[in-house]
Amino acid sequence: MPHLHIESFKTITYPAQCGDVEFLFQADYHDQNKGSLIATRYKGKEFFLVYKHGENKTLLKSDKITRPTPNYLIKHSLLAYAECAGLNILDSNVDNAPENTHLKTYDALKSISYFADNFPREREVRIEVGFGSARHLLHQASTNPNILFIGLEIHKPSIEQALKQIVIQNLTNIMVLDYDARLFLEFVPSNIISRIYVHFPVPWDKKPHRRVISKAFLKESDRVLCIGGRLELRTDSEEYYRFALETFSSPSKSCFYVRKNQDIAVTSKYEDRWKKMDKNIYDVTFTCETESPEAEEIGDFSFSSSPISSQSVDNLSKDTYKREWGFLHIERKFTIGKEGRMIRLAMGSFDRPESTYVLIKNGAARYYPSLPVRSKSNIKAHILLDELLHG
Ligand SMILES: C[S@@+](CC[C@H](N)C(=O)[O-])C[C@H]1O[C@@H](n2cnc3c(N)ncnc32)[C@H](O)[C@@H]1O
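Quantities reported herein were computed from a predicted structural model and do not represent experimental measurements.

Asker: Would you mind going over the packing of aromatic side chains in detail, with residue names and values included?
Answerer: In this structure the tally under the stated criterion is 22 aromatic pairs. For the pair Phe248 and Phe256, a centre-to-centre distance of 6.1 Å together with 90 degrees between the ring planes defines the contact as edge-to-face. Phe256 gets classed as partly exposed once you look at its relative accessible area, which sits at 27%. Grouped by ring-pair contacts, the aromatic residues Phe25, Tyr29, Phe48, Phe334, Tyr357 and Tyr368 constitute a single cluster. Looking at Arg211, its charged tip hangs above the ring of Phe243, at a distance of 4.5 Å from the centre.

What follows is the structure, encoded as structure tokens:
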């Protein structure tokens, strides 16, 4: 992580324009004189630089939560601040190299906000959960060029490998997302997905609550699948197979079938391995038979309009509020000048918590520098925060 080891920190007058970097305001740690965040805008991105005064080092570096990519943005902003404030740099890992314009960006890689804000629905959509080596995903996409495939994975090297293959094979009908499949379906509109592939999911025999297939996942799949759409589980695990049978038969009405040791057009690395070991392979396929209502409106991240006093922020304790939908954790408080306040918090689901900042200025609160992902658990955490801020 780029950083400057400095002799001592010096503040500047805000807002300031230092070369092509803007410094917007400074938020100081509320309870100890140990650091500050510097709101920075560069090349259209807003993020914080952090000044931290430790036992034996004073550092200027980038904030983890708002950290922009590529690293060049941080490096350039650190040096711009140091110059603007006249800091004495003792040592650093920041070079003054020009921006590397050859850095690869992948069009296929999307963020969860992309789907949360405007889910693509112009053409048939299929989802593959945990695509691993992506053999099946790439094969499906190349043989069905008019269908959009959304590949979900949480293993970064697999994502990187798939993205490279998408470029090499010149495929334009795959979107890749680094997100937990157990949480993704809530962003999908009802009745629009034609297939959900779950091939060789991690069996999690000792921690079944971590399995992708669950009653909740089946219910959400049934909602997002169109009539005739299918959720296709393929597994070599006897235990997962039995668990899936139980799960798929639990709704009062459901339509599913089982096949054993059937070949499919493309085999994955895992499948090749299990076949060599003469293991049985099970397909458990659920078919959606009914149309579902549209998902409920979940609200947004606006705060109540009545003014929030600095005092009510100061009175907030650094606590964790656990609920059945997830949690809200007030982590740290900051002051901005005399009256402004800022809170750093973690929120949302236990499986995919999100960290963010809330600015409180002139009695009004807003998330900074961007809104959290519009998930049900984040919205519920937001409603709780709004209540706490308004006493
Ligand atoms: C055993 S591998 C199978 C990969 C591939 N489907 C195949 O057949 O070769 C399971 C994959 O699921 C991914 N995975 C596990 N849990 C996941 C989750 N909750 N959401 C998305 N992907 C997940 C893992 O990272 C891993 O790549």
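Asker: Before we move on, could you go through the pattern of salt bridges and cite the residues and values that matter?
Answerer: Counted according to the given criterion, the structure contains 22 salt bridges. With a shortest N-O distance of 3.0 Å, Lys275 and Asp263 are connected by a salt bridge. Within this pair, whereas Lys275 is found in helix α8 (residues 269-276), its partner Asp263 is found in the loop between β14 (255-260) and α8, the two being separated by 12 residues in sequence. Bridged by salt links that share partners, the residues Arg234, Asp263, Glu271, Lys275 and Asp283 form one connected network.

Asker: An account of helix α7 (residues 238-248) is requested, with residue identities and associated values reported.
Answerer: Listing the buried residues of α7 in full gives Tyr240, Tyr241, Ala244, Thr247 and Phe248. Taken around the axis of α7, the buried residues stretch over an arc of 125 degrees, which confines them to a single face. For α7, the exposed residues lying more than 90 degrees away from the buried face are Arg242 and Glu246. As for α7, its buried residues are in contact with α6 (215-224), β13 (225-235), β14 and β15 (282-287).

Asker: Please provide a residue-by-residue account of the environment of Asp28, values included.
Answerer: Counting through the fold element by element, Asp28 comes out in strand β3 (residues 21-29). Each C-alpha atom, one on Asp28 and one on Phe334, is 5.1 Å from the other, the two residues being 306 residues apart in sequence. Excluding its chain neighbours within four sequence positions, the residues that come into contact with Asp28 are Gly35, Ser36, Lys333, Phe334 and Thr335. A polar atom in the side chain of Asp28 sits 2.8 Å from the side chain of Gln26.

Asker: Requested: an account of the state of the cysteines, with residues and values cited.
Answerer: Counting across every chain of the model gives one disulfide. Bridging Cys18 to Cys84, the disulfide has an S-S length of 2.1 Å. Its S-S torsion of approximately -50 degrees makes the covalent link between Cys18 and Cys84 left-handed. Here Cys18 is found in strand β2 (residues 16-18), whereas its partner Cys84 is found in helix α1 (residues 71-85), with 66 residues between them in sequence. Cysteine Cys226 is unpaired, with the sulfur of Cys288 as its nearest cysteine sulfur at 7.0 Å. With no disulfide of its own, Cys255 has Cys288 as its nearest cysteine by sulfur position, at a separation of 9.7 Å. Overall, the relative accessible area of 27% leaves Cys255 in the partly exposed class.

Asker: Lay out the site of the ligand in plain terms, naming residues and giving numbers.
Answerer: Gly130, Glu153, Asp180, Ala181 and His199 are the nearest of the 16 residues found near the ligand. Measuring from a nitrogen atom of the ligand, one finds a backbone N or O atom of Gly130 at 2.8 Å. In the environment of the ligand, an oxygen atom lies 2.6 Å from a nitrogen or oxygen atom belonging to the side chain of Glu153. Partitioned by chemical class, the residues of the shell around the ligand number eight nonpolar, five polar and three charged.

Asker: Outline the sheet that holds β15, listing residues and values.
Answerer: Pairing between the strands of a sheet comes from backbone hydrogen bonds, and it takes one of two forms, parallel or antiparallel. Taken together, eight strands build an open sheet; the order of strands is β8-β11-β10-β9-β12-β13-β15-β14 and the sheet is mixed. What marks the edges here is a single partner per strand, and that holds for β8 (109-110) and β14. Two elements, strand β9 (residues 125-129) and strand β12 (residues 193-199), share five bridges in a ladder whose sense is parallel. Opposite Val125, over in β12, you have Ile193 as the bridge partner. Lying on the sheet, α7 is in contact with β13, β14 and β15; it crosses β15 at an angle near 20 degrees.

Asker: Explain the side chain of Asp236 to me, using residue names and the numbers behind them.
Answerer: Relative to the assigned elements, Asp236 resides in the loop between β13 and α7. What makes Asp236 buried here is its relative accessible area of 12%. Within the structure, the side chain of Asp236 is placed 2.9 Å from the side chain of Trp274, a separation counted as a polar contact. Reaching out from Asp236, the side chain makes a polar contact with the side chain of Lys279 at a distance of 3.0 Å. Those residues within four positions of Asp236 in sequence are excluded, and the remaining contacts are Phe200, Trp274, Lys279 and Asn280.

Conventions and cut-offs
Residues numbered from 1 in each chain as written. Predicted model: local features only at pLDDT ≥ 70, side-chain atom pairs only at ≥ 80, totals over all residues. Heavy atoms only, no water. Phe/Tyr/Trp six-rings, centres within 6.5 Å; stacked < 30°, edge-to-face > 60°. Buried < 20%, exposed > 50% of the residue type's maximum accessible area, 1.4 Å probe, protein only. Lys NZ or Arg CZ within 6 Å of the ring centre and 35° of its normal. Salt bridge = Lys/Arg side-chain N within 4 Å of Asp/Glu carboxyl O. Helix = DSSP H or I, 4+ residues; strand = E, 2+ residues; numbered from the N terminus. Arc of directions from axis to C-beta. Contact = heavy atoms within 4.5 Å. Polar contact = N/O pair within 3.5 Å; in protein donor to acceptor, adjacent residues only side chain to side chain. Disulfide = S-S within 2.5 Å. Near = heavy atom within 4 Å. Nonpolar A, V, L, I, M, F, W, Y, C, P; charged D, E, K, R; others polar. Pairing = 2+ DSSP bridges. Axes fitted to C-alpha atoms, helices over the stretch in contact; angles between N-to-C directions.

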